[in-house]
Amino acid sequence: MSIDKILLDHGSGGKASHSLIADLLVPEFENPILAQLDDSAIFDIEGKRLAFSTDTYVVDPIFFPGGNIGDLAVNGTVNDLAMCGATPLYLSVGLIIEEGLSMADLKKILKAMREAARKADVLIVTGDTKVVPNGAADKIFINTSGVGLIPEGTNISGHNARPGDKIIISGTIADHGITVLTQREGMTFESPIQSDTAPLNHMVREMIAASDQVHALRDPTRGGVGTSLNEIAAQSKVGIKIYEEALPIREEVSGICELLGFDPLYVANEGKLLAFVGPDVWEKVLETMKASEYGKDACIIGEVVADSPGKVFMKTRIGSTRIVNMLTGEQLPRIC
Ligand code: MG
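Residues numbered from 1 in each chain as written. Predicted model: local features only at pLDDT ≥ 70, side-chain atom pairs only at ≥ 80, totals over all residues. Heavy atoms only, no water.

1. A word on the packing of aromatic side chains
Then, in step 1: For the coordinates displayed, the defined rule picks out zero aromatic pairs.
Then, in step 2: Looking at Lys 108, its charged tip hangs above the ring of Phe 63, at a distance of 4.4 Å from the centre. (Phe/Tyr/Trp six-rings, centres within 6.5 Å; stacked < 30°, edge-to-face > 60°. Lys NZ or Arg CZ within 6 Å of the ring centre and 35° of its normal.)

Shown next as structure tokens:
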């Protein structure tokens, strides 16, 4: 069945988004840099390796516990650069503002961007502002692009995971997606959960300094951990085995997932990373992450195997094994 219109599902970050990119965008713009399909484009200019990335934010609501669309937009691009081992340097900001947005809200968003840029140690050096009539956008959409420098000798890519690698998650999963969802639905809870939006570049730099066996990194944003693991399995042509009981998840987040029928493996994170690290050095890398501000709850969730390339398996709590596919269907639209 051919689809003649864009569906919300195409924005999920899961299977439909991947087909849209692979079937429509990549063939149209075909080139070897784009073909890598990592979190940033990587290329050399005059002997320097650069990373270049872009991302657009349409989160609803624009303010939520733990952050707002502004810091989300800065952290997201900072993290996409960091996932390629780059030191993020300069960001651009494009604002699409709906007529009627309050000046106070806009100022709050810009302040959050400034503070996020300061924390990540990047400069916002260029930008653009457009205003569209009421109803043509929803309050504000933000695009950020960024460039970073990849230190010599660093070679981190979704293509580089190899059998024997340990898979580390930097902390609890599904916090961001569940926070935005509950905020949108006006649900309140006794123990407030909040978005994990955070810049991960400083932690990544420390991880790379601790070991040259950090093979692949990915921030499991839209599509969640389940989708990111599938991306790496496909890019690196390896199998991945994870353990359900090893997945760190806050009790209240897990409770809400159960209540609303969401699988936390597919819920978005905005301040977490998955690291694929060589078997001899994972302890050192894990310790480095645990000592870092945004990696305190880091832990091993699985490993890379040689069998079943391209597939992700999960050993469940009850001892059975199930296949973890890429996210299909739109679970939570406008989550970032
Ligand atoms: Mg990413």
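2. Quick word on the pairing of strand β5 (residues 87–98)
Then, in step 1: Across 10 bridges, β5 lies against strand β7 (residues 140–150) in antiparallel orientation. Across the sheet, the residue bridging to Ile 97 is Ile 140, located in β7.
Then, in step 2: For β5 and strand β6 (residues 123–132), the ladder comprises nine bridges, and the chain directions are parallel. The residue bridging Ser 92 from the neighbouring strand is Thr 126, located in β6. (Pairing = 2+ DSSP bridges. Helix = DSSP H or I, 4+ residues; strand = E, 2+ residues; numbered from the N terminus.)

3. Thoughts on the domain arrangement of the chain
Then, in step 1: Considered domain by domain, the chain is made up of domain 1 (8–149) and domain 2 (166–323).
Then, in step 2: Spacing between the C-alpha centres of domain 1 and domain 2 amounts to 21 Å.
Then, in step 3: Contact with domain 1, which involves 31 residues of that partner, is made by 27 residues of domain 2.
Then, in step 4: Approximately 2300 Å² of surface area, both sides summed, lies buried where domain 1 meets domain 2, with 54% of it carried by carbon and sulfur atoms.
Then, in step 5: A per-residue breakdown of the area domain 1 buries against domain 2 is headed by Pro 65, Asn 79 and Met 83, which together make up 24% of the total.
Then, in step 6: Linking domain 1 with domain 2 are three salt bridges, by the criterion used here.
Then, in step 7: Between Arg 218 and Asp 39 there is a salt bridge, and its shortest N-O distance comes to 3.7 Å.
Then, in step 8: Remark: the boundary between domain 1 and domain 2 carries 13 residue pairs in polar contact (both at pLDDT 80 or more).
Then, in step 9: Listed by contribution, the elements that provide at least two residues to the side of domain 1 that touches domain 2 are β3 (63–64), α2 (69–82) and α3 (103–120).
Then, in step 10: If you tally residues by element for the side of domain 1 that touches domain 2, the top one is α2, at eight residues. (Domains from an automatic or database assignment. Contact = heavy atoms within 4.5 Å. Buried area = accessible area lost by both parts, 1.4 Å probe. Salt bridge = Lys/Arg side-chain N within 4 Å of Asp/Glu carboxyl O. Polar contact = N/O pair within 3.5 Å; in protein donor to acceptor, adjacent residues only side chain to side chain.)

4. Regarding the coordination of the magnesium ion
Then, in step 1: In this structure, Asp 39 (OD), Asp 80 (OD) and Asp 219 (OD) serve as the protein donors to the magnesium ion, at separations of 2.1 to 2.7 Å.
Then, in step 2: Positions of the donor residues of the magnesium ion along the chain correspond to the pattern D-x40-D-x138-D. In this pair, Asp 39 is assigned in the loop between α1 (15–29) and β1 (41–45) and Asp 80 in helix α2, connecting sequence segments 41 residues apart. (Donors = N, O, S within 2.8 Å, 3.2 Å for Na, K, Ca; no water.)

5. Looking at the pairing of strand β10 (residues 239–243)
Then, in step 1: Strand direction decides the pairing type here: β10 and strand β12 (residues 299–305), joined by four bridges, are antiparallel. By the bridge assignment, Gly 239 is partnered in β12 with Val 305.
Then, in step 2: Looking at chain direction, β10 and strand β13 (residues 312–315) are connected through four bridges and run parallel. For Lys 241, the partnering residue across the bridge sits in β13 and is Phe 313.

6. Here's the deal with the packing of helix α4 (residues 175–184) against helix α7 (residues 251–260)
Then, in step 1: At a minimum axis distance of 10 Å, the contact between α4 and α7 shows a crossing angle of 60°. In terms of orientation, α4 lies oblique with respect to α7. Judged by the twist between their axes, the crossing of α4 over α7 is left-handed. Residues Asp 175, Ile 178, Leu 181 and Thr 182 of α4 form the contact with α7, whose participating residues are Val 253, Ile 256, Cys 257 and Leu 260. (Axes fitted to C-alpha atoms, helices over the stretch in contact; angles between N-to-C directions. Parallel < 35°, antiparallel > 145°, perpendicular 65-115°, else oblique. Left-handed = near helix turned anticlockwise from the far one by under 90°.)

7. With respect to the sheet that holds β12
Then, in step 1: Here we have seven strands laid out as an open sheet, ordered β9-β11-β8-β12-β10-β13-β14, and mixed in their pairing. Only two strands of the sheet have a single neighbouring strand rather than two, namely β9 (214–218) and β14 (321–323). Across the sheet, the axes of successive neighbouring strands diverge by a mean angle of 25°, strand direction being ignored.
Then, in step 2: Where β13 meets β14, three bridges bridge the pair, whose relative direction is antiparallel. Among the inter-strand pairings, Met 314 is bridged to a residue of β14, identified as Arg 322.

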